[in-house]
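A structural walkthrough
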Amino acid sequence: RNNNDEEDILVNNTFLIFKPNACRKMDDNINSSTGRDQISHVFQLVHDCNWKKLRKCLKSPRAYALCQQKDWSNLTCLALALAFGAPLDIIEKMLKVDPTLSSVSDNFGATALHVACLNGASIESIDLLLKKQPDLVNELDCDKRTALHHAVECACGSAERGEDDDSLDVIHKLCKLSPELINFQDKDGDCAMDLVQITMCDAEVGSEHYERLYQLHRFLRDISIRCYRKKKKAWEAEGDALREEIQQRMKGALLFPELPLVGSTNSRAGNTSTSEETFSSLRTPHSDGNASALMNVSFTNIHGGKNNH
């Protein structure tokens, strides 16, 4: 068990992590009785991984109606097929029958991408979903978790079981499409690396489980560092552009200073002074020959009064 809201289901000797509703074999809440057996049969085929018969169902005239059906929690057959590792051609057929299936959320806010990442779907299936709808990578479920959170959670489970799957490839794909996901926090304040650290606390130091988790954490850390360096370059580029703009403005101010106009009136002093008077005062020595007095005259003419210098 992962927590109180999820349970592990053993299918073909592989544990798949589902929300409680996802393991249902058939929908008991379908209002229409028409085709109910067929609908139940489709969900049963997915649950039993009977892909040959499922392909026949998807080629029938009722394929669209079959793909529209959901269980009581709004889980679609597409999400369930991804969770059970359906072959790529079946996922492609479902999306061809109804392309909107990829964006449907269940009652837990989980899209097909969330369910796929949580249950270790192949990188080819993830690529197909994101190619059809790239915006899915930033969708949040009711726990404010992204697909990356679920992919990391799946990778932690694989590390515990000592299995090799596409989890690292999926994580790398998600981070490449949306690098900021690496530090995105869920409703509990946990980012992807936090989930690994929490799992490492329960692992025995030095065990194979711990070493796998440690390698996973390093993998995520390296992605985080590359993401930071990329942002740092962007910040530095913005700073350089702003610095150059300020320097250009300063150069313009030095080339064209705001000099006082000849004959301008100084309203503060209440009298009139000109730059010509200023230069005349500097050229004409004061009567007492005192240099400080000469400076006083100059500043008086410039500022319009002795009290202003």
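This section reports on the structure supplied with the text. (Residues numbered from 1 in each chain as written. Predicted model: local features only at pLDDT ≥ 70, side-chain atom pairs only at ≥ 80, totals over all residues. Heavy atoms only, no water.)

A closer look at the overall build of the protein
Selection rule: A run of H or I in DSSP becomes a helix once it reaches four residues, and a run of E becomes a strand once it reaches two; helices and strands are each numbered from the N terminus. Three labels apply to residues, based on accessible area from a 1.4 Å probe with only protein chains included: buried if under 20% of the type maximum, exposed if over 50%, partly exposed otherwise in between. Accessible areas in this description were obtained via Shrake-Rupley with a 1.4 Å probe; residue shielding takes into account the shown protein chains only.
Tallying secondary structure elements over the protein gives 13 helices and four strands in all. The 309 residues of the protein split such that 39% are buried. By element, 51% of the accessible surface of the protein is carried by carbon and sulfur atoms, the whole surface being about 18200 Å².

Considerations on the packing of helix 5 (residues 88-97) against helix 7 (residues 123-132)
Helix-helix packing: each pair is described by the crossing angle between the helix axes and the interaxial distance. Defined as follows: Here an angle of 0 to 180 degrees is reported between the N-to-C directions of two axes, which are lines fitted to C-alpha atoms, with helices fitted over the stretch in contact. Any angle between 65 and 115 degrees counts as roughly perpendicular, while under 35 counts as roughly parallel, over 145 as roughly antiparallel, and the rest as oblique. Two helices that cross are described as forming a left-handed crossing if the nearer one is turned anticlockwise from the farther one by less than a right angle, and a right-handed crossing if clockwise. Residue contacts are counted whenever heavy atoms from the two residues lie within 4.5 Å of one another. We call Asp, Glu, Lys and Arg charged. Ala, Val, Leu, Ile, Met, Phe, Trp, Tyr, Cys and Pro are nonpolar, and the rest, Gly among them, are polar.
Helix 7 packs onto helix 5 with a crossing angle of 20° between their chain directions and a minimal axis gap of 10 Å. In terms of orientation, helix 5 lies roughly parallel with respect to helix 7. Handedness of the crossing formed by helix 5 with helix 7: right-handed. Facing Leu-88, Ile-91, Glu-92 and Leu-95 of helix 5, the residues of helix 7 in contact are Glu-124, Ser-125, Leu-128, Leu-129 and Lys-132. When the residues that make up the contact of helix 5 with helix 7 are grouped by side-chain class, the tally is five nonpolar, one polar and three charged.

Comments concerning the nonpolar core
For clarity, the cut-off: As used here, the term nonpolar core means buried Ala, Val, Leu, Ile, Met, Phe, Trp, Tyr and Cys residues forming a set that is joined through side-chain atoms within 4.5 Å.
If you look at the biggest cluster of nonpolar residues, it comprises 66 residues, and the most contacted ones within it are Leu-54, Met-94, Leu-148, Val-152, Ile-171, Leu-174 and Leu-220. Once residues within four sequence positions are removed from consideration, Leu-174 is found in contact with Cys-117, Leu-130, Val-137, Ala-147, Leu-148, Ala-151 and Leu-181.

With respect to the packing of aromatic side chains
Where we set the bar: Planes of paired rings set the category: under 30 degrees apart is stacked, over 60 is edge-to-face and the rest tilted, where pairs are Phe, Tyr or Trp rings (Trp by its six-membered ring) whose centres lie within 6.5 Å.
Applying the stated criterion across every chain yields a total of one aromatic pair. Ring centres of Tyr-228 and Trp-235 lie 6.1 Å apart, and the angle between their planes is 75°; this geometry places the pair in the edge-to-face category.

Remarks on the environment of Cys-142
Relative to the elements of secondary structure, Cys-142 occurs in the loop between helix 7 and helix 8 (147-161). With 34 residues separating them in the primary sequence, Cys-142 and Phe-108 have C-alpha atoms 5.5 Å apart. Among all residues touching Cys-142, those that are not within four sequence positions of it are Asn-107, Phe-108, Gly-109 and Lys-187.

Examining a nonpolar patch on the surface
We count it as follows: Patches here: salt-bridge-free residues with over 30% relative accessible area, like charges joined within 9 Å, nonpolar side chains (Val, Leu, Ile, Met, Phe, Trp, Tyr) joined within 5 Å. When a carboxyl oxygen of Asp or Glu lies within 4 Å of a side-chain nitrogen of Lys or Arg, that pair is called a salt bridge.
Together, Leu-242, Ile-246 and Met-250 give the surface a local cluster of nonpolar side chains, amounting to about 300 Å² of exposed area. Residue position: Ile-246 is located in helix 11 (residues 208-255). Using a relative accessible area of 45% as the deciding quantity, one classes Ile-246 as partly exposed.

Section: the state of the cysteines
To keep it simple, the criterion reads: Note on disulfides: each one is a pair of cysteine sulfur atoms within 2.5 Å.
The tally for this structure, following the rule as stated, stands at zero disulfides. Considering cysteine sulfurs only, Cys-154 is the nearest to Cys-117, which forms no disulfide, with 8.3 Å between them. The class for Cys-117 is buried, based on a relative accessible area of 4%.

Brief notes about the pattern of salt bridges
Using the criterion set out here, one finds 11 salt bridges in the structure. In this structure, Lys-187 engages Asp-143 in a salt bridge whose closest nitrogen and oxygen atoms are separated by 3.2 Å. Pair noted here: Lys-187 is in the loop between helix 9 (167-177) and helix 10 (192-201) and Asp-143 is in the loop between helix 7 and helix 8, with a separation of 44 residues, a long-range link. Residue classification places Lys-187 among the exposed residues on the basis of a relative accessible area of 53%. Of the residues examined, Asp-143 reaches a relative accessible area of 27% and is grouped as partly exposed. Look at the salt bridges and you will find they share partners, linking Arg-145, Glu-153 and Asp-186 into a network.

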